[in-house]
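# Analysis of the macromolecular model
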Amino acid sequence: MSTSMERAVVLRSLSCTPLVCTRFFARSSSKLSRLSPLYSLSRCHRSVSLLHHHLRPISTASRPSTQLRRHFSSLSPRAIATPPAQPCSEVVVADDVVAEKLGFDKVSEQFIEECKSIAVLYKHKKTGAEIMSVSNDDENKVFGIVFRTPPKDSTGIPHILEHSVLCGSRKYPLKEPFVELLKGSLHTFLNAFTYPDRTCYPVASTNTKDFYNLVDVYLDAVFFPKCVEDFQTFQQEGWHYELNNPSEDITYKGVVFNEMKGVYSQPDNILGRASQQALFPDNTYGVDSGGDPQVIPKLTFEEFKEFHRKYYHPSNARIWFYGDDDPNERLRILNEYLDTFDASSASSESKIHPQKLFSKPVRIVEKYPAAEGGNLEKKHMVCLNWLLDDKPLDLETELALGFLDHLMLGTPASPLRKILLESGLGDAIVGGGVEDELLQPQFSIGLKGVSEDDIKKVEELIMNTLQNLAEEGFDSDAVEASMNTIEFSLRENNTGSFPRGLALMLRSIGKWVYDLDPFEPLKYQKPLIDLKARIAEEGSKAVFAPLIEKFILNNPHLVTIEMQPDPEKASRDEAAEREILNKAKASMTEEDLAELARATHELRLKQETPDPPEALKTVPSLSLSDIPKKPTFVPIEVGDINGVKILQHDLFTNDVLYAEVVFNMSSLKQELLPLVPLFCQSLLEMGTKDMDFVQLNQLIGRKTGGISVYPSTSSIRGKEDPCSHIIVRGKAMSGRTEDLFNLVNCILQDVQFTDQKRFKQFVSQSKARMESRLRGSGHGIAAARMDAKLNVAGWISEQMGGVSYLEFLQALEKKVDEDWDGISSSLEEIRRSLISRNDCLVNLTADGKTLTNSEKFISKFIDLLPSTPSIQSASWNARLPSTNEAIVIPTQVNYVGKAANIYDTGYELKGSSYVISKHISNTWLWDRVRVSGGAYGGFCDFDTHSGIFSFLSYRDPNLLKTLDIYDATGDFLRELEMDNDTITKAIIGTIGDVDAYQLPDAKGYSSLLRYLLGVTEEERQKRREEILSTSLSDFKEFADAIDAIKDKGVVVAVASSDDVDAANKERSNFLEVKKVL
Ligand SMILES: [Zn+2]
């Protein structure tokens, strides 16, 4: 059951772009941890351009989206357009006569070879709205509408508006049609994004009827939202004073307000914002479209309404359609909306003006909130940022820069990245390299975890390295590896769970939004061939050296940002806010205060009152008869080669072979578990006797589409022992199968654990990553911690990715110097215990011919694996103590969790539990924790393998209040009233999750996981039938199971020390306090 995870991955990937907000915080994070490691090797870019995505390996065969990672970390499945899976058959194009009659002028029509599509650009005659209508045979249809929304200040208007327009509209007059769509549609994508200069509303679905329903709700929302007449929506999503009782203190509340407080608590985010604002002091990028929490309360309702009136207008809109639906129908739907408007001047008013280049560099010092009493020695950050030009670049230059970026930073072996990390001057890279998603491109690079004395050294090292690269050029193997990686990812076109049409749209919009050609970014083939030819002819130095010199070395528009840790910043900000609020209160009369308390109460009442059934009925929905009765079928054949189990999935993969080699981890000694993630990294990044790691990495880049190695752990339902594995995942073109398996064998058996210096870097990087995860994804840390208290699989995962892991890394950093031999032999011991053909399994996804052809290589690979006598399974009957805990960090917002194992209460799994937990998240927790509590997210998660049911909140201003809401869930279910339509909607939404759209590699991978976890096809069918027949009585029965969390659940909060102190005062020290930063 994976869609929510999939959404999580998408969100995560987006969070690394200059995007300032995605409206919806995807739920279900903890499942990710159970099936996968918490850690990830991929680096996080502060910002990553779309071009990169097309240049950079989308995921160097990283773990597929069905599994892994928590929200808001790195990596981006967002990619490029390469041909849709199957060659295109017949594509219908809109009839010109029909278009004309509906009020559209055809501007241009082009066949795009790269995505086998016919793309037509139209202009709506009356309003000037522009439409790209892309037709092909991709069933995953995409719609998006984008407005240019440049802000003038940091009040966060575009962001608050993005949240608010989805809170009810003319045709859909309910509190949140968006949530109704989340609940009851088959969408494969549904969200909204705010960028520094534009706001984007995309939806996707494979079901045509569902797709048009989604389109209609979105169009009505953006053009006719209720929020422009409804002050309470502005208060709820933006900001308001809250006062429950005139004798209490006033506080600020608002979803965006708290979301941005969370953003401003994270050093990486503060750095990214400071860089952007300092690079563009004179245009709209000099302010924060997301909103600065200190400025948000200056925003008035009048300004908010005016912004909508001006910019949410067809004359300022760019609209995208993509997929296999009828193009005439698209225009018909659009005309209905567009025709009600007259042309406006919005388009000229929203133009983004370029920033002029500086004549000399600028230096900025910023503070960020650090832990009180923590060690501040190596906590500085420094980042160099260049604005590359005073205008947008042409596609050829952009492509060459993207390529250069991959050469310098794309892999651990890339020189700039390698030299910075090997210098020992810092723990991890900051800055995203080349970023070209805004009007003018930038380049950023720096380090974090730097001591104050070394800042100058970092700056010099960056400049010297760039200078050397300009003078000496790049190794030809490195160029070949980058070229192969880029071409592979273009060919594979693996956008993960992200619809391909949306990846394309975001690429096109990146130029279109600046009035440039929307077709051009879709056509990369020719410029790529040209670039390749130039490199072959002139050599890489002749191509890249002038770029480094012109855009970086000789460019005075350089902003250096130094970030200093400030242990008092959090409390100072807190005190400043308190003072403003106290002043506000002091200026109010008794009547004012009574009125404010009344308004507070009224707002809450409104938030907590459900929509009337008539209003709910306005949102179109499918009926159960539209839903397929069988689960998605994935072919699987279980065979055997030389005693090793082989799973084969015969699927069309466009000539790519996806392979996973799985080793059982259950014989590993318990104390070695926390070393496993570093063991995995060492396999890929330490080198062999004959090859150093740079050569090894280049070889992988030249021959394959990437290889990754990671641990994966989950409970198995009905079993004591967890399912725990190391997975080696690789992909290659079918002709390279032999190379792929030779390389896998090489990393497993030939890599030497001898490089102490590199290992120490891995430790520092992992530590830095864990620390930023603690601040940015505290809900994930809390979930992992609760799991570790409740079962063995959770305990294992936490050892390799939670607070325990962070503590292990802190101690290990010292140990590397003192006892490297001991560590090195532990790594060897892990290899000896794991890498064996006993209990090994190989999973393959490709077309039948490739599968057959690969058998001989696999057989050879297996023969080379050592065959160790079966060692007795280690017993890991370990758990963390089941005390309630608070992990204290410097933050302005909290992450609050509570969980219990409901199988312990005798609850037996039924498909209805999927429907019920989704419903609890989308109604009860959404309304109470988010809407009225003011948190950015509140959700629950049921891990059907372990039985752990958890509640979690994200960027939450509350702590105890949120726990009270969790505890009242049982009563909510008991008192629940639902008519048949509502239940049907909940069922359809759940099926949407279960049937998440997957590309072939993800299908093969999901099937592998089901195999490992013992989930049979019969069981899938049975759960599906149970989901489809869910009734109100199932909800009521579930209440008793849920009460186990209230009565026996364990609490873990990642929170500020003030909030923890207050909670402990109120509830007699029920939280054990733990400091880790
Ligand atoms: Zn937001």
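Residues numbered from 1 in each chain as written. Predicted model: local features only at pLDDT ≥ 70, side-chain atom pairs only at ≥ 80, totals over all residues. Heavy atoms only, no water.

The chain is annotated in an unreviewed UniProt entry as Presequence protease of Actinidia chinensis var. chinensis. In the Cofactor (unreviewed entry) part of its UniProt record, the chain is described as follows: "Zn(2+)". Its UniProt record gives the chain the following Subcellular location (unreviewed entry) comment, quoted word for word: "Mitochondrion". (UniProt positions renumbered as here; feature names shortened; annotations may be inferred.)

A few words now on a nonpolar patch on the surface. A cluster of nonpolar side chains, Ile636, Val638 and Tyr1011, forms an exposed patch at the surface whose accessible area comes to about 230 Å². With respect to the secondary-structure elements, Val638 resides in strand E17 (residues 637-641). According to the relative accessible area criterion, Val638 is partly exposed, its value standing at 45%. (Patch = residues over 30% accessible without salt bridge, like charges linked within 9 Å, V, L, I, M, F, W, Y side chains within 5 Å. Areas by Shrake-Rupley, 256 points an atom, 1.4 Å probe, with all protein chains shown as cover. Salt bridge = Lys/Arg side-chain N within 4 Å of Asp/Glu carboxyl O. Helix = DSSP H or I, 4+ residues; strand = E, 2+ residues; numbered from the N terminus. Buried < 20%, exposed > 50% of the residue type's maximum accessible area, 1.4 Å probe, protein only.)

Further remarks concern a negative patch on the surface. A surface patch of negative charge is lined by Glu372, Glu568, Glu574, Asp1058 and Asp1061. Note that Glu574 resides in helix H21 (residues 569-586). What makes Glu574 partly exposed here is its relative accessible area of 32%. (Lys, Arg positive; Asp, Glu negative; His and termini not counted. Charge placed at Lys NZ, Arg CZ, Asp CG, Glu CD.)

With that out of the way, let us pick up the sheet that holds strand E19 (residues 656-664). Here we have six strands laid out as an open sheet, ordered E17-E18-E22-E19-E21-E20, and mixed in their pairing. Two strands in the sheet have a free side with no partner beyond their single neighbour: E17 and strand E20 (706-714). The average angle at which neighbouring strand axes cross in this sheet is 25°, direction not considered. The strands touched by helix H37 (residues 1000-1013) are E17, strand E18 (644-650), E19, E20, strand E21 (723-733) and strand E22 (840-846); relative to E22, the strand with the most contacts, the crossing angle is about 150°. (Pairing = 2+ DSSP bridges. Axes fitted to C-alpha atoms, helices over the stretch in contact; angles between N-to-C directions. Contact = heavy atoms within 4.5 Å.)

The positions that UniProt labels "domain: Peptidase M16C associated" (unreviewed entry) are, in the present scheme, residues 563-812. In the segment residues 563-812, helix accounts for 52% and strand for 18%; the C-alpha atoms at its two ends are 26 Å apart.

The subject of this paragraph is the packing of aromatic side chains. Evaluation of the coordinates by the stated rule reveals 42 aromatic pairs. Centre to centre, the rings of Phe759 and Trp820 are 5.3 Å apart; their planes meet at 50°, and the pair counts as tilted. Taken together, the residues Phe759 in helix H27 (residues 756-776) and Trp820 in helix H31 (residues 820-834) connect sequence positions 61 residues apart. Using a relative accessible area of 0% as the deciding quantity, one classes Phe759 as buried. Looking at Trp820, the relative accessible area reads 10%, which means it is buried. A connected cluster of aromatic rings, assembled from ring pairs, spans Phe147, Tyr201, Tyr218, Phe223, Phe224, Tyr312, Tyr337 and Phe341. A cation over an aromatic ring shows up here: Arg198 above the ring of Tyr195, its NZ or CZ 4.3 Å from the ring centre. Above the ring of Phe693, the side-chain terminus of Arg758 is found at 3.4 Å from the ring centroid. (Phe/Tyr/Trp six-rings, centres within 6.5 Å; stacked < 30°, edge-to-face > 60°. Lys NZ or Arg CZ within 6 Å of the ring centre and 35° of its normal.)

Turning next to the pattern of salt bridges. Under the counting rule described, the total for this entry stands at 80 salt bridges. With a closest N to O distance of 3.7 Å, Lys391 and Asp390 form a salt bridge. Under the relative-accessibility criterion, Lys391 is labelled partly exposed at 47%. The shortest N-O distance in the salt bridge between Arg1024 and Asp995 comes to 2.7 Å. Placement of Arg1024 in helix H38 (residues 1017-1028) and of Asp995 in the loop between helix H36 (980-994) and H37 is noted, with a sequence separation of 29 residues between them.

Another aspect to go through is the sheet that holds strand E14 (residues 428-435). In spatial order, the strands read E12-E16-E13-E15-E14; together these five strands make up an open sheet with mixed pairing. Whereas interior strands pair on both sides, the edge strands pair on one side only; in this sheet they are strand E12 (362-369) and E14. Neighbour-to-neighbour, the strand axes of this sheet turn through a mean angle of 15°, independent of strand direction. Sitting on the sheet, helix H15 (residues 415-422) is in contact with E14 and strand E15 (442-450), with an inclination near 20° to E15.

Here the focus is the pairing of strand E16 (residues 558-566). Counting buried residues along E16, nine of its nine residues qualify, which places the element largely inside the surrounding structure. Burial along E16 is two-sided: the residues Leu558, Thr560, Glu562, Gln564 and Asp566 and Val559, Ile561, Met563 and Pro565 are all buried. Looking at chain direction, E12 and E16 are connected through eight bridges and run parallel. Paired with Pro369 across the two strands is Asp566, which belongs to E16. In this structure, strand E13 (residues 380-387) lies alongside E16, joined through six bridges in antiparallel fashion. By the bridge assignment for E16, Asn385 is matched with Val559.

This next bit is on unusual backbone geometry. A positive phi angle, close to 45°, is found at Arg955, a residue other than glycine. Mapped onto the secondary structure, Arg955 falls in the loop between strand E26 (948-954) and helix H34 (960-967). The residue Asn1069 is not glycine, and still its phi comes out positive at about 50°. Looking at the secondary structure, you find Asn1069 in the loop between helix H40 (1057-1066) and strand E28 (1072-1075).

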